[in-house]
Amino acid sequence: MNTELKLAVLAAAVALAACGKKEEAAPAADGTAPAAGELVVRIGHVGATSGAVAHLGKDNENGARLAIEELNAAGVKIGNQTARFELLAEDDTADPKQATAAAQKLVDTGVNGVVGHLTSGATLPASLIYHEAGVPQITPSSTNPKFTRQGFPGAFRLVADDTQQGGAMGRYTVQGLNAKTVAVIDDRTAYGQGLADEFEKAAKAAGAEVVGREYTNDKATDFNAILTSLKDKKPDVIFFGGMDAVGGPMLRQMKTLGYTSKLVGGDGLCTAEMITLSAEALGDGQVYCVEAGGVDGEEAAANDKFRADFKAKYGVDVQAYAGYAYDGVKLLASAMQTAGSADPKQYLPALKAIQYQGASGKVVFDDKGDRQNAALTLYTFKAGQREKLAVIR
C-alpha cells in the first residue's frame, strides 16, 4: 500500500470513530465529571487576599463563596440543566501586574463571568483582558470612574464611583464639619488619587481653602515629613485618599505630632479594621468617612440577614463590600437563568437589563454599567465602634 493510500485509510478510520463517539462534558475545576444533565458554571473572583488589604479581599471572596453555596443548595436551573456553580478565586495582591495575570488565568480557564477586582488599580488593567475575551465583569468595590467609561459592554459596577464619593465627602467636610481649611494626601493609586481629586474639587466649590496637597504610597508606614510640613498650615481637616492599612498608621502619627485636625476619607477608611489599625488614636468623632454603598428603609432587612448569615458561616463580621460581591455572583446567575444560558454572549443582554433585589438593595444598571441611584453612607467612629450618620443618594 502506498503512502497516500495509507493516509487516506487512516483518515477514514478516524472519522468513522469520531462519528460513533458521544461528546463528553468538560470536567469541573476540581477534576470531577459533571453529573448527567448537569451544567458546570465557573465564576471567577479576584481580590487582594494577601498583602496590606487582604482583610478586604478575603471579605469579598467570602461573600462570593457564600452566594455560590446558596445557589448550589437551591438547585438552580439554567435552561433545562441543573447548574453546579464553582468559584475560581485568585489573589491579585492589589497589584496591577498580578491583576492582569490573574485575569488571563481565569479567561484561559473558561470562566463564565467574573466578580472583581477589589481595588481600582487592579480592576482597570484587568478589565481590558475580560473585555477582549467577552467575559462580563462586575466589580463589587472599585470606584474609579474610568472603569465604566471605557465603553466595555461587559463592565459593571455595584457601588457609587469616586465622583459621587469624593464629592459627598468634600461637601460634608465644609457643610457638616464646618471646615474652612483642608489639606489633601493621596497614595498615588488609581483609587486614592481619583478620590482625592474629586474631594478637592468639591471642597473648593463648597468654600474651603486647600492649604496643601501631599503624596505617599500604598505601602508607606512613615508620614512624619508630610505631616510635619502640613502642621504649620493648621488645616481643620486632612483628607486621605487611600486604604485603612495606610490611614490607620497615619492617624497614629497625627496624634503623636499633636494634631487636632480631623481625618476624613473614602470607603478605604470605613472598615472594621480601621479600628484596630488606628488603636488609641481613633478617638471619638476624630475620623469621618463615606462608604460607596448603603441600604436603608425596607432594604435593610435583606442586608441584616446577609450579615447574620455571613457571621454564622465565617465567624467574623462583614468588613465592607462582601454583600456586593455576594450580589455580584447572584446577578450573574440570575441573568443566566433569564437567558437560559451560561454563555456570556447569550446572557449579557439580560444582565444589562436586570432588575434585582439583593443584599445591597435594588440593582439596576445604567447604560455605562454603573448602578443607578447608588447609595453612599456617612460614618464616624465613637467608643471604638463605627457609627452610621446618614445614607445619602
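In case you missed it, the structure is sitting above this.
Criteria and thresholds
- Residues numbered from 1 in each chain as written.
- Predicted model: local features only at pLDDT ≥ 70, side-chain atom pairs only at ≥ 80, totals over all residues.
- Heavy atoms only, no water.
- Helix = DSSP H or I, 4+ residues; strand = E, 2+ residues; numbered from the N terminus.
- Buried < 20%, exposed > 50% of the residue type's maximum accessible area, 1.4 Å probe, protein only.
- Contact = heavy atoms within 4.5 Å.
- Lys, Arg positive; Asp, Glu negative; His and termini not counted.
- Charge placed at Lys NZ, Arg CZ, Asp CG, Glu CD.
- Axes fitted to C-alpha atoms, helices over the stretch in contact; angles between N-to-C directions.
- Parallel < 35°, antiparallel > 145°, perpendicular 65-115°, else oblique.
- Left-handed = near helix turned anticlockwise from the far one by under 90°.
- Nonpolar A, V, L, I, M, F, W, Y, C, P; charged D, E, K, R; others polar.
- Core = buried A, V, L, I, M, F, W, Y, C linked by side-chain atoms within 4.5 Å.
- Pairing = 2+ DSSP bridges.
- Expected span 1.5 Å × (residues − 1).
- Polar contact = N/O pair within 3.5 Å; in protein donor to acceptor, adjacent residues only side chain to side chain.

Caption draft 1: Region of the structure containing the overall build of the protein chain. The helix and strand tally for the protein chain stands at 12 helices and 15 strands. On the principal axes, the C-alpha backbone points of the protein chain span a range of 95 × 50 × 35 Å. Evaluated residue by residue, the protein chain yields a buried proportion of 54% over its 393 residues. The contacts in the protein chain between residues at least 6 apart in sequence include a share of 69% that link residues at least 24 apart. Side-chain charges of the protein chain comprise 40 positive and 47 negative groups, with the mean position of each set lying 1 Å from the other.

Caption draft 2: Spatial organisation of the packing of helix H5 (residues 162–175) against helix H6 (residues 190–205). At a minimum axis separation of 7 Å, H5 and H6 run at an interaxial angle of 45°. Classed by the angle they form, the pair H5 and H6 counts as oblique. As H5 packs across H6, the resulting crossing turns out to be right-handed. Contacts between H5 and H6 involve Asp162, Thr163, Gln165, Gly166, Gly167, Met169, Gly170, Arg171, Thr173 and Val174 from the former and Ala190, Tyr191, Gly194, Leu195, Glu198, Phe199, Ala202 and Ala203 from the latter. For the contact of H5 with H6, a count of residues per class yields eight nonpolar, seven polar and three charged.

Caption draft 3: Molecular detail of the nonpolar core. Residues Ile43, Phe85, Leu331, Met336 and Leu351 are the most contacted members of the largest nonpolar core, which totals 70 residues. Per element, the largest residue contribution to this core is 10 residues, and it comes from helix H11 (residues 322–339). For Met336, the residues in contact, after removing those within four places along its chain, are Val41, Ile43, Ile78, Phe85, Asn112, Ser341, Ala342 and Tyr347. Formed by 25 residues, the second largest nonpolar core is a distinct cluster that contains Val246, Tyr259, Met274 and Tyr379.

Caption draft 4: Region of interest: the sheet that holds strand E15 (residues 385–392). One open sheet holds the seven strands; their spatial order is E8-E7-E9-E10-E11-E14-E15, and the pairing between them is mixed. One side of each edge strand has no neighbouring strand; the edge strands of this open sheet are strand E8 (209–215) and E15. Sheet twist, expressed as the average angle between the axes of neighbouring strands with direction ignored, equals 20°. Note: strand E14 (residues 376–382) against E15, seven bridges, orientation antiparallel. Across the sheet, Lys382 pairs through a bridge with Gln385, a residue of E15. Each of strand E7 (181–186), E8, strand E9 (237–241) and strand E10 (262–265) touches H6; the most contacted strand, E7, lies at about 165° to it.

Caption draft 5: Region of interest: the packing of helix H2 (residues 54–74) against H11. Relative to each other, H2 and H11 sit at 40°, their axes nearing to 7 Å. The two elements H2 and H11 cross, and the hand of that crossing is right-handed. Seen from H2, the contacting residues are Asp59, Asn60, Gly63, Ala64, Leu66, Ala67, Ile68, Glu70 and Leu71; seen from H11, they are Ala322, Ala325, Tyr326, Val329, Lys330 and Ala333. The class makeup of the residues in the contact of H2 with H11 is 10 nonpolar, two polar and three charged.

Caption draft 6: Geometry of the sheet that holds strand E2 (residues 77–78). Taken in spatial order, the six strands make up an open sheet running E2-E3-E1-E4-E5-E6, and their pairing is mixed. With one partner strand each, in any of the chains shown, E2 and strand E6 (155–157) form the two edges of the open sheet. Of the pairings in the sheet, the one linking strand E5 (residues 137–139) to E6 comprises three bridges and is parallel in character. When the sheet's bridge partners are listed, Gln137 is paired in E6 with Ala155. Contacting strand E1 (38–47), strand E4 (113–116) and E5, helix H4 (residues 120–133) runs over the sheet at an angle of about 165° to E5.

Caption draft 7: The arrangement of H5 in detail. If you check H5, its first and last C-alpha atoms are 19 Å apart, about what 14 residues at 1.5 Å a residue would give, namely 20 Å. When we look at burial in H5, the residues that qualify are Asp162, Gln165, Gly166, Gly167, Ala168, Met169, Gly170, Thr173 and Val174. The N-terminus of H5 is capped by Asp161, whose side-chain oxygen sits 3.0 Å from the backbone nitrogen of Thr163.

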